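Chains, contacts and geometry: an overview
Here are the chains, one letter per residue:
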Amino acid sequence: MKKEMIVIAGPCSIENEQMIIEIYEQIKDDITIFRGGAFKPRTKVESFQGLHAKGIELITAVSQKPIASEIMDTRDIDLFKNIEYVQIGARNMQNFALLKEVGKNFKKVILKRGLSSTVEEFVAAAEYLKYYGCEQVILCERGIRTFSDSSRFTLDFSAVIKLRQETDYQVIIDVSHAAGDVRFIDDLARAAIACGADGIMIEVHNNPLHALSDANQQITPNHFQQLIAELEQIHQLITKQKS
Ligand code: PEP
Ligand code: MN
């Protein structure tokens with residue numbers, strides 16, 4: 001059976017109704033899961049924090065595809081009841097109270113690797129989710145903190161290879177947060193699929209330079225369409241070699 005590449009894409013943040021409709025309409029045929037943040041973990045308090053409940057409402061009204069959105073607080077669990085893939089962000093990978101409650105309340109979770117977490121800690125966090133009731137945990141390598149200043153975070157391809165060899169979890173790579181720069185997205189995405197990842201996450205925005213968060217790393221829907229066509233070919237080649 002042909003194994004489908006998991007493609008999770010959409011804007012960093014849900015900003016307003018028009019942008020979410022425009023982006024969705026242009027990428028829906030190429031995605032498995034539509035992403036968009038309503039609760040944003042921002043370093044600076046004055047940065048855009050997301051539309052919160054309104055954001056969740058907008059994305060669920062627009063998308064016919066399963067949705068992924070980040071939850072940061074156990075008090076928001078009810079708001080996420082129509083979100084098929086709840087995302088736990090890098091900064092919360094070891095928020096054990098959140099892991100327990102998300103495990104109890106949701107079946108499908110995307111778990112991002114912490115900025116300085118080991119592979120062992122990453123798997124241990126996923127085990128929390130499973131222990132408390134999650135049925136599908138997708139592990140997402142999104143780059144870690146190292147001394148390298150080549151990109152925003154350093155993508156740990158070996159971690160993806162190891163996780164795929166030694167665990168049964170699906171493993172995807174978020175190239176956008178690792179890159180932090182639109183110029184690196186294509187090559188990192190090619191490398192992500194070539195190293196055997198089960199899929200990718202990419203931030204897509206209809207007007208990247210004016211995005212309210214992560215403006216430097218989001219690609220346009222046209223760019224995304226071209227890239228996905230290429231990644232499908234790489235994915236076919238890799239899965240053929242492995243079967
Ligand atoms: C995100 O995917 O929106 C995000 C904030 O990513 P991370 O938790 O990996 O920084
Ligand atoms: Mn982002």
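Use the structure listed above.
All values derive from a computational prediction rather than experimental measurement.

With that settled, consider the nonpolar core. Ranked by internal contacts, the top residues of the largest apolar core, which has 67 residues, are Val102, Leu111, Leu129, Val175, Ile202, Phe224 and Leu231. Residues in contact with Val102, not counting those within four places in the same chain, are Ile71, Val86, Ile88, Val109, Leu129 and Cys134.

What follows is about the pairing of strand β7 (residues 170-174). The side chains of a regular strand alternate, residue by residue, between the two faces of the sheet. Counting buried positions over the five residues of β7 gives four, a clear majority of the element. Judged from the four bridges that link them, strand β6 (residues 136-141) and β7 form a sheet pairing that is parallel. Pairing of Glu141 across the sheet is with Ile173, part of β7. In this region the chain leaves β6, passes through helix α5 (residues 157-166) and returns to the parallel neighbour β7; the handedness of that crossover is right-handed.

With that out of the way, let us pick up the coordination of the manganese ion (ligand 2). Donor atoms from the polypeptide that coordinate the manganese ion (ligand 2) comprise Cys12 (SG), His177 (NE2), Glu203 (OE) and Asp214 (OD), at 2.0 to 2.4 Å from the metal. When the donors of the manganese ion (ligand 2) are listed by position in the chain, the intervening gaps give C-x164-H-x25-E-x10-D. Taken together, the residues Cys12 in the loop between β1 (6-10) and α1 (17-27) and Asp214 in the loop between β8 (199-203) and α8 (221-242) connect sequence positions 202 residues apart. This pair shows no difference in class: Cys12 is buried, exactly as Asp214 is.

For the structure shown, the criterion picks out four aromatic pairs. With centroids separated by 5.1 Å and ring planes inclined at 65°, the aromatic side chains of Tyr131 and Tyr132 adopt a geometry described as edge-to-face. Under the relative-accessibility criterion, Tyr132 is labelled partly exposed at 28%. Of note, Arg142 hangs over the ring of Phe153, and the distance from its end group to the ring centre comes to 4.2 Å.

Turning to the site of ligand 1, a few remarks are in order. Ligand 1 sits among Arg35, Lys40, Pro41, Glu70, Gln87, Gly89, Ala90, Arg91, Lys112, Arg142 and His177. With respect to ligand 1, the side chain of Arg35 contributes an N or O atom lying 2.7 Å from an oxygen atom. In this structure, an oxygen atom belonging to ligand 1 sits 2.6 Å away from a side-chain N or O atom of Arg142. Notes on ligand 1: free accessible area 300 Å², of which the protein chains cover 96%. Residue classes in the shell around ligand 1 are distributed as two nonpolar, three polar and six charged.

Where helix α3 (residues 96-105) is concerned, the buried positions are Leu98, Leu99, Val102 and Gly103. Within α3, the buried residues cover an arc of 130° as seen down the axis, which keeps them to one side. Taken together, the buried residues of α3 touch β4 (85-88), β5 (108-112) and α4 (119-131).

Phi is positive for His52, which is not a glycine, with a value near 55°. Counting through the fold element by element, His52 comes out in the loop between β2 (33-35) and α2 (53-62). According to the relative accessible area criterion, His52 is partly exposed, its value standing at 35%.

Right, let's talk about α4 for a bit. The end-to-end C-alpha distance of α4, which contains 13 residues, comes to 18 Å, matching closely the 18 Å that a straight helix rising 1.5 Å per residue would cover. Residues of α4 that are buried include every one of Val119, Phe122, Val123, Ala125, Ala126 and Leu129, and no others. The buried residues of α4 occupy one face: seen down the axis, they fall within an arc of 155°. In α4, the exposed residues that point more than 90 degrees away from the buried face are Glu120 and Tyr131. Each element contacted by the buried residues of α4 is listed here: β4, α3, β5, β6 and α5. One or two residues past the end of α4 sits Gly133, with phi positive at roughly 130°.

Once that is clear, we can look at the pattern of salt bridges. Evaluated as defined, the whole model comprises 16 salt bridges. A salt bridge links Lys28 to Glu25; its shortest N-O distance comes to 2.6 Å. Its relative accessible area of 25% is what places Lys28 among the partly exposed residues. Classification of Glu25 as partly exposed rests on a relative accessible area of 43%.

About the criteria used
All residue numbers here refer to positions counted from 1 along the written sequence of the relevant chain. Here every chain gets a letter starting at A, and every ligand a number starting at 1, in the order they are written. Local features are withheld for residues below a pLDDT of 70 in this predicted model, meaning they are given only at 70 or higher, and side-chain atom pairs are given and counted only at 80 or more; totals for whole chains, interfaces and linings count all residues. Side-chain figures throughout are based on the complete set of non-hydrogen atoms in the structure, without hydrogens or water. By nonpolar core we mean a set of buried residues, namely Ala, Val, Leu, Ile, Met, Phe, Trp, Tyr and Cys, connected to one another through side-chain atoms within 4.5 Å. For the exposure calls, accessible area comes from a 1.4 Å probe over protein chains only, and a residue counts as buried if that area is under 20% of its type's maximum, exposed if over 50%, partly exposed in between. Pairs of residues are marked as contacts when any of their non-hydrogen atoms sit within 4.5 Å. Secondary structure elements follow DSSP: runs of H or I of four or more residues count as helices, runs of E of two or more count as strands, with numbering from the N terminus. By the convention used here, strands pair only if DSSP detects at least 2 bridges between them. By convention, orient the strands away from the viewer: a clockwise path from the first strand over the helix to the second makes the crossover right-handed. Sites may look incomplete, because water is not among the atoms used; the donor set itself consists of N, O and S atoms within 2.8 Å of the metal (3.2 Å for Na, K and Ca). Here a Phe, Tyr or Trp ring, Trp counted by its six-membered ring, pairs with any other such ring whose centre lies within 6.5 Å, and the pair is stacked when the planes are under 30 degrees apart, edge-to-face when over 60, and tilted otherwise. Think of it as a cone above the ring: NZ of Lys or CZ of Arg counts as a charge over the ring if it is within 6 Å of the ring centre and within 35 degrees of the ring normal. We define proximity as follows: a residue is near a molecule or strand when any one of its heavy atoms falls within 4 Å of that partner. N or O atoms closer than or at 3.5 Å make up a polar contact, with two conditions inside protein: a donor-capable atom paired with an acceptor-capable one, and, for residues adjacent in sequence, both atoms drawn from side chains. Using a 1.4 Å probe, the Shrake-Rupley method yields the accessible areas, and only the shown protein chains count as cover for residues. Three residue categories are used. Nonpolar comprises Ala, Val, Leu, Ile, Met, Phe, Trp, Tyr, Cys and Pro, charged comprises Asp, Glu, Lys and Arg, and polar comprises the others, including Gly. Taken from the helix axis, the directions to the C-beta atoms give the arc we talk about. An expected span of 1.5 Å times one less than the residue number is assigned to each helix. The rule for a salt bridge is simple: a side-chain nitrogen of Lys or Arg has to be within 4 Å of a carboxyl oxygen of Asp or Glu.

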